[in-house]
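# Inside the fold
The chain contents come next:
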Amino acid sequence: MKKRIEISAILANPQLDTEVTVMGWVRAFRNNRFIALNDGSTQNNLQIVADNEQFAEELLRKISFHACIAVTGQLTASLGSGQAVEIQASHIEILGECNPESYPLQPKRQTMEFLRSKAHFRPRTSTFSAVFRIRHAIAFAIHKYYNDRGFYYLHSPIITGSDAEGAGEMFRVTTLDVENLPRTEAGEIDWKEDFFGRSANLTVSGQLQAEIGALALGKVYTFGPTFRAENSNTPRHLAEFWMIEPEMAFCDIYGNMDLAEDFCKYLIRYVLDNCYDDVAALDARLKEEEKSLPADKRRPMGLEEQLRFVLDNDFERITYTDAIRILQNSKPYKKGQFEFPVEWGKDLQAEHERFLVEKEFKKPVIVRNYPKVFKAFYMRLNDPEPGVPGDTVAAMDVLFPGIGEVIGGSQREERYDVLRSRIHDMGIHEEELWWYLELRKFGGAPHAGFGLGFERMVQFITGMSNIRDVIPFPRTPKSAEF
Ligand code: 4AD
Ligand code: MG
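Residues numbered from 1 in each chain as written. Chains lettered and ligands numbered in written order. Predicted model: local features only at pLDDT ≥ 70, side-chain atom pairs only at ≥ 80, totals over all residues. Heavy atoms only, no water.

### Examining the overall build of the protein
Check the secondary structure of the protein and you find 14 helices and 16 strands. With the C-alpha coordinates of the protein rotated into their principal frame, the extents come out at 85 × 60 × 45 Å. In the protein, buried positions account for 49% of the 482 residues. The long-range fraction of contacts in the protein, counting pairs at least 24 apart against all pairs at least 6 apart in sequence, stands at 68%. For the protein, the computed accessible surface area is about 23,800 Å², with 50% contributed by carbon and sulfur atoms. (Helix = DSSP H or I, 4+ residues; strand = E, 2+ residues; numbered from the N terminus. Buried < 20%, exposed > 50% of the residue type's maximum accessible area, 1.4 Å probe, protein only. Contact = heavy atoms within 4.5 Å. Areas by Shrake-Rupley, 256 points an atom, 1.4 Å probe, with all protein chains shown as cover.)

As structure tokens, then:
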């Protein structure tokens, strides 16, 4: 196949008056002469001038929206406005026709819901190509961030026997014949007959294995897919999402919060420095979309402005007990506008988190020291504190504007006896966690870590309002097409 140059390379360093070949998909064809070509390497299209005398009508007819073409010609300075360079086509080949009568996409604004049903074509649109390039950049930046700071990438398993969150929201993995399950004498399903000789599930988190890594390598992180069978049909939940879980030995909740804030800011800065054109395009798209909304429904800031604002300000750090006090003194609470109760000992709901982030502090907030009653078994029990009505654990959630929780983490319970009694109190079978307990018995250390929801961060940085639009192939209740 003929060698082609990527449009990003041409635009970054145009070699005027040389012959080049480009290949890509037609975004627009004006006046039977000007083609806007995009090859996915950049947000920007390259203009191709097809002198219509030179090309057969038959060929020109096939240059339609999203048809795939190869163009060879001279790269010249453009006289038109809107672009610095263009190609004077001498040869055009149709690589893949795209009949506009039957092609599902149209060269106009289409709803996100519709595009979700066309996940095989949506990456060709300007919005989705920008989102997926940024998603890539963030994934790359994550590895760079941890590598540069001496963390080791640990591959936690995808199939496991443990429920890391103790929440029971797991997808079972089995090779048993579901229509003819083996039974024990007592009539229960005999998991010993299953592939792994025990019951197994897709992981909900790599944390427990990351703790093994941290207690040997010092600092590790995982970055992989995680699975939750929670029936949450919201713009923030996926059944399959990616999580980044750093875990550090010799670290407490304060060091953990410092890392979380620094890490979030690094990713935002990386995208502004490396994907500026894509951010600008998404920013413009949002502004356009919001024109039709009443003023009070519009976002308080543009996308780029919001990203810079998060970079320029310290995250607010408060305790759960502070959060309850602030919420109970708030206008919406006094006017009875919260749907869920605000009471010490009850979990914060999305509406409460949004109030704290968007109304009270107007910036990211880290809430720590939650009541132990609704938090996971592995979180470290705090000493009693004056003014705090019940037992708390060294948990932390990072809350972001427009998104809510992007990070959940904690200092881990490193004291064998305390952990063991917590496991018992929560009704978890000790045998399932035998190795986790042994980590405390033999050479344990104080340690801490957190999990960043990758798609939620991509959502924040791209400004997309639904999490299904920042992952190429979303998995949600009743939906696993593609
Ligand atoms: O708060 P979570 O459940 O914490 C854990 O899994 C810990 N084991 C992490 C750790 O300490 N190593 O999940 C972490 C983050 C959440 O803050 C959220 O951003 C994201 O994962 N998340 C989801 N993202 C998309 N869809 C879902 N269903 C999610 N559930 C959690
Ligand atoms: Mg959480």
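### Some details on helix H7 (residues 276-290)
Under the 1.5 Å per step criterion, the end-to-end length of H7 is 21 Å for 15 residues, consistent within 8% with the ideal 21 Å. When H7 is considered as a whole, its buried residues turn out to be Asp278, Val279, Leu282, Asp283, Arg285, Leu286 and Glu290. Down the axis of H7, the sector holding all buried residues measures 160°, keeping them to one side. (Expected span 1.5 Å × (residues − 1). Arc of directions from axis to C-beta.)

### Some thoughts on the nonpolar core
Of all hydrophobic cores here, the largest spans 69 residues; its most connected members are Tyr146, Leu267, Phe400 and Ile461. If you tally residues by element for this core, the top one is helix H6 (residues 253-274), at twelve residues. Apart from residues no more than four positions distant in its own chain, Tyr146 is found in contact with Phe151, Tyr221, Ile244, Pro246, Leu259, Phe263 and Phe450. (Core = buried A, V, L, I, M, F, W, Y, C linked by side-chain atoms within 4.5 Å.)

### Focus: the site of ligand 1
Not every one of the 24 residues close to ligand 1 is listed here, only the nearest: Glu165, Gln207, Arg228, Glu245 and Glu405. For ligand 1, a nitrogen atom lies 2.8 Å from a polar atom in the side chain of Glu230. With respect to ligand 1, the side chain of Arg412 contributes an N or O atom lying 2.9 Å from an oxygen atom. Taking 620 Å² as the accessible area of ligand 1 by itself, protein coverage stands at 93%. When each cavity is represented as a set of grid points, ligand 1 is found to reside in the second largest pocket. When residues of the shell around ligand 1 are traced back to their parent elements, those giving at least two are strand S11 (240-249), strand S15 (404-411) and strand S16 (447-453). Here the shell around ligand 1 takes five residues from S15, the largest share from any one element. For the shell around ligand 1, the residue count by class is eight nonpolar, eight polar and eight charged. (Near = heavy atom within 4 Å. Polar contact = N/O pair within 3.5 Å; in protein donor to acceptor, adjacent residues only side chain to side chain. 1 Å grid on protein atoms, 1.4 Å probe; cavity = no way out; pocket = protein on both sides within 12 Å on 5 of 7 lines; lining within 4 Å. Sits in = over half its atoms within 2 Å of the grid points. Nonpolar A, V, L, I, M, F, W, Y, C, P; charged D, E, K, R; others polar.)

### Examining the environment of Ala239
Looking at where Ala239 falls in the secondary structure, it is placed in the loop between strand S10 (219-227) and S11. The sequence separation of Ala239 and Val204 amounts to 35 residues, and the corresponding C-alpha distance is 9.8 Å. The residues touching Ala239, leaving out its near neighbours within four places in the chain, are Phe171, Thr226, Phe227, Arg228, Arg475 and Thr476.

### Some points on the pattern of salt bridges
Taken as a whole and assessed by the stated rule, the structure comprises 33 salt bridges. Across the pair Lys62 and Glu58 runs a salt bridge, and its minimum N-O distance is 3.6 Å. Accessibility expressed as a relative area gives 46% for Glu58, which makes it partly exposed. Linking Arg325 and Asp322 is a salt bridge whose minimum nitrogen-to-oxygen distance equals 3.5 Å. One end of the pair is Arg325 and the other is Asp322, both in helix H9 (residues 320-328) and three residues apart, which spans about a single turn. Relative accessible area serves as the criterion here: at 46%, Arg325 is assigned to the partly exposed category. (Salt bridge = Lys/Arg side-chain N within 4 Å of Asp/Glu carboxyl O.)

### A few points about the layout of surface pockets
When its volume is computed, the second largest pocket comes out at roughly 1,200 Å³. When residues of the lining of the second largest pocket are traced back to their parent elements, those giving at least two are S11, helix H11 (350-360), strand S14 (392-400), S15, S16 and helix H14 (454-462). The element that contributes the greatest number of residues to the lining of the second largest pocket is S15, accounting for six residues. Grouping the amino acids of the lining of the second largest pocket by side-chain chemistry returns 20 nonpolar, eleven polar and 16 charged. (Points joined across faces, edges and corners; volume = space filled by probe spheres on them.)

### A few points about the packing of helix H8 (residues 303-312) against H14
Two elements in contact, H8 and H14, have axes separated by 8 Å at closest approach and are oriented at 120°. Looking at the two axes, H8 sits oblique to H14. For the pair formed by H8 and H14, the contact residues are Leu303, Gln306, Leu307 and Val310 on the first element and Phe460, Ile461 and Thr462 on the second. When its residues are assigned to classes, the contact of H8 with H14 shows five nonpolar, two polar and no charged. (Axes fitted to C-alpha atoms, helices over the stretch in contact; angles between N-to-C directions. Parallel < 35°, antiparallel > 145°, perpendicular 65-115°, else oblique.)

### Concerning the sheet that holds S10
Reading across from one edge, S6-S10-S11-S16-S15-S14-S13-S12 is the order of the eight strands in this open sheet, with mixed pairing throughout. Single-partner strands in this sheet number two, and they are strand S6 (152-153) and strand S12 (316-319). Across the sheet, helix H5 (residues 207-217) touches S6, S10, S11 and S16, and the angle it forms with S11 is around 30°. (Pairing = 2+ DSSP bridges.)

### Side note on the pairing of strand S4 (residues 68-77)
The buried fraction of S4 is high, at eight of ten residues. The pairing of strand S1 (residues 19-30) with S4 spans seven bridges and is classified as antiparallel. Across the sheet, residue Thr21 finds its bridge partner in S4, namely Thr72. Summarising the sheet, S4 and strand S5 (residues 85-96) pair through ten bridges and their orientation is antiparallel. Bridging across to S5, Ala70 finds its partner in Glu93.

### Some words on unusual backbone geometry
Of note in this structure, Asn32 is not a glycine but carries a positive phi near 55°. Locating Asn32 in the fold gives a position in the loop between S1 and strand S2 (34-38). Residue classification places Asn32 among the partly exposed residues on the basis of a relative accessible area of 36%.

### Things to note about a nonpolar patch on the surface
Taken together, Ile158, Ile159, Phe195 and Phe196 make up a surface patch of nonpolar side chains, about 390 Å² in accessible area. Tracing the backbone through its elements, the reader meets Phe196 in the loop between strand S8 (172-173) and strand S9 (200-202). (Patch = residues over 30% accessible without salt bridge, like charges linked within 9 Å, V, L, I, M, F, W, Y side chains within 5 Å.)

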